[in-house]
Amino acid sequence: MLVLVAPGQGAQTPGFLTPWLELPGAADRVAAWSDVIGLDLARYGTQADADEIRDTAVAQPLLVAAGILSAAALGDVSPGAVAGHSVGEITAASFAGVLDDTAALTLVRRRGLAMAEAAAVTETGMSALLGGDPEVSVAHLEKLGLTPANVNGAGQIVAAGTLEQLAVLNDDKPEGVRKVVPLKVAGAFHTHHMAPAVDALAKAAEALTPADPKIVYVSNKDGKAVDTGAEIVARLVGQVANPVRWDLCMETFKALGVTALIEVCPGGTLTGLAKRALPGVKTLALKTPDDLDAARALIAETATPAADAAGA
């Protein structure tokens, strides 16, 4: 069974959208999205520097646009399940048919603006802890006043809080943690610092008419499959201030019988986690269009077993 996943904020790099815009129709599609949301996605994805695309209000729409664009380039693909990490959940909602592309980009534009506004209240950030025991790390973070905002599995937890708290963490790591790595994000996402963004996003969600998912949609909240569009949107709203439980999402992939996982552009982060947490599962990250042929081959390889399983 194939799982299609979408990365979250911090995966973006300068110029990462450039080769994708060379695909037939891609530039026109991105231009149309840009007009709808009032943000020049092509410029930010091709010409902007690291600081510009670190801006939450820019990074989030850019990531969703890239994910939708790269998934479409795969052609006709029917994964057994979809999921996204943090803002990637909106990308996954598009994959599952819960939101159309325009609705997904409109919602993520409002999400990015609201979270940027919330982040501006206090100087906050996020850092990844590599290695260590999760229980020990979580207890240590709470002692420092930090939140375990992303529990990613495979030995990785992301701490979030004020810059002062993160500076203390850098000098006072939990026992067993090899390294603390600051992330390319501009706020303490998935914590109480984002509470104001929840209200703004809830108002934006009122204009949506979500459909029920056509594919199994796995939620960051608890790793459970959600089967109504209304519930998925409600979770998208609340999730901006709740921890991401990617570890539980991967447990669900395992329970569903995942054999292959493809991460859409800008891929790499989630496939890295899957390689450690889901041994034996074939993984592929879409970084540039050069990866498309290998991805299509992997899709073809998983299609027959999936069909057999469905008919059993």
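These lines cover the structure that appears in this document, whether it is placed above or below. Given the structure is predicted, the values throughout are model-derived calculations rather than measurements.

1. Section: the sheet that holds strand E6 (residues 177-182)
Stage number 1. Strand order in the open sheet formed by four strands is E4-E5-E3-E6, with antiparallel pairing between adjacent strands. The sheet is open, and its two edges are formed by strand E4 (147-153) and E6, each paired on a single side. Recorded for the sheet is a direction-independent mean angle of 25 degrees between the axes of neighbouring strands.
Stage number 2. Packing against the sheet, helix H7 (residues 134-143) makes contact with strand E3 (124-131), E4, strand E5 (156-162) and E6, and its axis sits at approximately 5 degrees to E5.

2. Details of H7
Stage number 1. Within H7, burial applies to Ser137, His140 and Leu141. Down the axis, H7 shows its buried residues gathered within 100 degrees of arc, on one side only. Opposite its buried face, H7 presents the exposed residues Glu135, Glu142 and Lys143, each directed more than 90 degrees away.
Stage number 2. Where H7 is buried, its residues contact E3, E4, E5, helix H8 (163-171) and E6.
Stage number 3. Looking at the residues trailing H7, positive phi occurs at Gly145, about 85 degrees.

3. Examining helix H6 (residues 101-119)
Stage number 1. Along its 19 residues, H6 runs 26 Å from first to last C-alpha, staying within 8% of the 27 Å computed at 1.5 Å per residue.
Stage number 2. Regarding H6, its N-cap is Asp100, as a side-chain oxygen of that residue lies 3.2 Å from the backbone nitrogen of Thr102 further along.

4. Quick word on the nonpolar core
Stage number 1. Within the largest apolar cluster, 81 residues are counted, with the highest numbers of intra-cluster contacts made by Leu41, Leu99, Leu105 and Ile262.
Stage number 2. Of all the elements, helix H4 (residues 56-73) adds the most residues to this core, at ten residues.
Stage number 3. Filtering out sequence-adjacent residues up to four positions away, Ile262 remains in contact with Leu2, Val3, Leu4, Val5, Leu284, Leu286, Ala295, Leu298 and Ile299.
Stage number 4. Grouped together as the second largest cluster of nonpolar side chains are 18 residues, Cys249, Phe253, Leu261 and Leu270 included.

5. Examining the sheet that holds strand E2 (residues 81-84)
Stage number 1. Strand order in the open sheet made by the six strands is E8-E7-E2-E1-E9-E10, with mixed pairing throughout. Unpaired on one side and paired on the other, strand E8 (225-226) and strand E10 (282-285) mark the two borders of the sheet.
Stage number 2. In this structure, strand E1 (residues 2-6) lies alongside strand E9 (residues 260-263), joined through four bridges in parallel fashion. Paired with Val3 across the strands is Leu261, a residue of E9.
Stage number 3. Of the strands in this sheet, E1, E2 and strand E7 (216-218) are in contact with helix H5 (residues 88-95), which crosses E2 at around 155 degrees.

6. Some points on the environment of Gly67
Stage number 1. Inspection of the secondary structure puts Gly67 in helix H4.
Stage number 2. The residues touching Gly67, leaving out its near neighbours within four places in the chain, are Thr91, Phe95, Val264 and Cys265.

7. As for the packing of aromatic side chains
Stage number 1. Inspection of the entire model under this criterion finds one aromatic pair.
Stage number 2. Pairing Trp246 with Phe253 gives two aromatic rings, centres 5.8 Å apart and planes at 80 degrees, and the pair type is edge-to-face. There is no split in this pair, since Trp246 and Phe253 are both buried.

8. What to know about unusual backbone geometry
Stage number 1. At the junction of Cys265 and Pro266, the peptide bond is cis and its omega measures out at 0 degrees in the coordinates.
Stage number 2. Topologically, Pro266 is positioned in the loop between E9 and helix H12 (269-277).
Stage number 3. The backbone of Ser86 sits at a positive phi, close to 60 degrees, despite the residue not being glycine.
Stage number 4. In this fold, Ser86 is placed in the loop between E2 and H5.
Stage number 5. We classify Ser86 as buried; its relative accessible area is 10%.
Stage number 6. One non-glycine residue, His190, lies in positive phi territory at about 65 degrees.
Stage number 7. Inspection of the secondary structure puts His190 in the loop between E6 and helix H9 (195-205).

9. Notes on the side chain of Ser137
Stage number 1. Looking at where Ser137 falls in the secondary structure, it is placed in helix H7.
Stage number 2. What Ser137 contacts, discounting residues up to four positions off in sequence, is Leu129, Gly131, Ile157, Pro174 and Val177.

Basis of the calculations
Within every chain, residues take consecutive numbers counted from 1 along the sequence as written. Predicted model: local features are reported for residues with pLDDT of at least 70 only, side-chain atom pairs are reported and counted for 80 or more only, and whole-chain, interface and lining totals are derived from all residues. Here the side-chain values reflect all heavy atoms present in the structure, with hydrogen atoms and water set aside. For two strands to be treated as a pair, DSSP must find at least two bridges joining them. Runs of E in the DSSP output that reach at least two residues are strands. Runs of H or I that reach at least four are helices, and both are numbered from the N terminus. Only C-alpha atoms enter the line fits that serve as axes; for helices the fit covers just the stretch in contact. Angles between N-to-C directions range over 0 to 180 degrees. Contact between two residues is taken to exist if any of their heavy atoms lie within 4.5 Å; hydrogens are not considered. Only protein chains enter the area calculation, which uses a 1.4 Å probe; residues under 20% of their type maximum are buried, those over 50% are exposed, and those in between are partly exposed. Directions pointing from the helix axis toward each C-beta atom define the arc. Here, expected helix span is obtained from the residue count minus one, scaled by 1.5 Å. Any N or O atom pair separated by 3.5 Å or less is treated as a polar contact, with the protein-specific requirement of one donor-capable and one acceptor-capable atom, and with residues adjacent in sequence counted only for side-chain atom pairs. Buried Ala, Val, Leu, Ile, Met, Phe, Trp, Tyr and Cys residues form a nonpolar core when they are joined through side-chain atoms within 4.5 Å. Whether two aromatic rings pair depends on their centres lying within 6.5 Å, for rings of Phe, Tyr and Trp, where Trp uses its six-membered ring; planes under 30 degrees apart make the pair stacked, over 60 edge-to-face, and the rest tilted.

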